[in-house]
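One letter stands for each residue in the lines below.
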Amino acid sequence: MNRTKIIFGLLPIVFSLHAQIWQKKNVGNNVYVSFPTEVKYEMKSSNGKYVGRYSSKSENCLFMVLVMSDVIPDYPNFVNLNKSDQNNIITILLDNFCKGKLMYSNSHSEVVNTKIDNCLARQLSYTAINPATGEAGKRFSKSFVVANKLFSFECWYLSDSSTSNLEMVDFYNSIQIK
């Protein structure tokens, strides 16, 4: 009798631990991130540029990685520039990308300069309207450039809870460049 109670008492814990096993995904150029659920991928072309989108959704958050190709004009000459000039170009690219994101969403945020595995990066948090619900929700973004691709890691809250915050932290902490 006691064994049965223990087994049934442990089942919810086992299932909750299994639900928290995130899957690591290579999203290009040896950039890895973990998602909480099955990942969907689609590629779109816009003005001759390709954008790949990896997406995954939990009960609390929508997670996306946008991968934009050919973001640095004249890339063959870019790789021959000194590191300082390369960083200046990447800085301008990231700053303009973040400004465009905020203009598009009609939001305001301080853009924070940071690094991810020694790559220049930008992060921001802002509020934007969810087109599906019409409700304002928290959004978070981290972006950086590897080779000739811009990676934008997005987390949109579907509910404003401590669980949403934990999932967002897990998502961003899982980013690796190998």
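Fair warning: this is a prediction, and the values are worked out from it, not measured in the lab.

S.K.: Is there a simple way to think about the overall build of the protein chain in this case?
M.R.: The secondary structure content of the protein chain amounts to four helices and ten strands. In the protein chain, the succession of helices and strands from N to C terminus is α-β-β-β-β-β-α-α-β-β-β-β-α-β. Contacts in the protein chain between residues at least 24 apart in sequence constitute 47% of all its contacts with a sequence separation of at least 6. Total accessible area computed for the protein chain in this model is approximately 11,100 Å², and 54% of it derives from carbon and sulfur atoms.

S.K.: What's the story with the layout of surface pockets in this structure? I'm lost.
M.R.: In this approach the atoms are scanned with a rolling probe the size of a water molecule, which exposes any empty space left behind. Volume-wise, the largest pocket comes out at about 500 Å³. Among the secondary structure elements, those contributing two or more residues to the lining of the largest pocket are β4 (49-57), β5 (61-69), α3 (83-104), β7 (119-129) and β9 (149-157). Empty space within the second largest pocket amounts to approximately 290 Å³. Lining the second largest pocket are 16 residues, and of these Asn 130, Thr 133, Gly 137, Tyr 157 and Leu 158 sit closest to its centre. Elements represented by at least two residues in the lining of the second largest pocket include exactly β8 (136-146) and β9. Per-element accounting of the lining of the second largest pocket gives the leading share, four residues, to β8.

S.K.: Got a minute to help me understand unusual backbone geometry in this structure?
M.R.: Most of the time, phi is negative for any residue but glycine, and the peptide bond is trans. A positive phi angle, close to 55 degrees, is found at Asp 74, a residue other than glycine. Exposure remark for Asp 74: the relative accessible area of 47% places this residue in the partly exposed category. The backbone phi angle of Ala 147 is positive, close to 55 degrees, even though this residue is not glycine. Relative to the elements of secondary structure, Ala 147 occurs in the loop between β8 and β9.

S.K.: Looking at this structure, how should I read the side chain of Lys 142?
M.R.: Of note, Lys 142 is situated in strand β8. Although Lys 142 is buried, it makes no salt bridge; Asp 117 carries the closest opposite charge, 10 Å away. A distance of 3.5 Å separates a polar atom in the side chain of Lys 142 from a polar atom in the side chain of Gln 123. Setting aside its immediate chain neighbours within four residues, Lys 142 contacts Ile 116, Arg 122, Gln 123, Phe 151, Ser 152, Phe 153 and Tyr 172.

S.K.: What's the story with the pairing of β4 in this structure? I'm lost.
M.R.: Here is the key point about a regular strand: its side chains alternate between the two faces of the sheet. Sheet topology note: the strand β3 (residues 40-46)/β4 ladder contains seven bridges and is antiparallel. Residue pairing across strands places Lys 44 opposite Val 51, the latter belonging to β4. Between the end of β3 and the start of β4, which pair antiparallel, lie two residues, with Asn 47 showing a positive phi angle near 55 degrees. The pairing of β4 with β5 spans seven bridges and is antiparallel. When the bridges of β5 are listed, Ser 55 appears paired with Met 64. Linking β4 back to β5 in an antiparallel pair, the connection comprises three residues.

S.K.: Is there a simple way to explain the pairing of β7 in this structure?
M.R.: Sheet topology note: the strand β6 (residues 112-116)/β7 ladder contains five bridges and is antiparallel. Across the sheet, residue Ile 116 finds its bridge partner in β7, namely Cys 119. Two successive antiparallel strands, β6 and β7, enclose a turn made up of two residues, where Asp 117 displays a positive phi of approximately 45 degrees. Judged from the nine bridges that link them, β7 and β8 form a sheet pairing that is antiparallel. Directly across from Leu 124, in β8, lies its bridge partner Ser 141. Between β7 and β8, which pair antiparallel and follow one another directly, the connecting turn spans six residues, one of which, Gly 134, has a positive phi of 80 degrees.

What counts and how
- Residues numbered from 1 in each chain as written.
- Predicted model: local features only at pLDDT ≥ 70, side-chain atom pairs only at ≥ 80, totals over all residues.
- Heavy atoms only, no water.
- Helix = DSSP H or I, 4+ residues; strand = E, 2+ residues; numbered from the N terminus.
- Contact = heavy atoms within 4.5 Å.
- Areas by Shrake-Rupley, 256 points an atom, 1.4 Å probe, with all protein chains shown as cover.
- 1 Å grid on protein atoms, 1.4 Å probe; cavity = no way out; pocket = protein on both sides within 12 Å on 5 of 7 lines; lining within 4 Å.
- Points joined across faces, edges and corners; volume = space filled by probe spheres on them.
- Buried < 20%, exposed > 50% of the residue type's maximum accessible area, 1.4 Å probe, protein only.
- Lys, Arg positive; Asp, Glu negative; His and termini not counted.
- Salt bridge = Lys/Arg side-chain N within 4 Å of Asp/Glu carboxyl O.
- Polar contact = N/O pair within 3.5 Å; in protein donor to acceptor, adjacent residues only side chain to side chain.
- Pairing = 2+ DSSP bridges.

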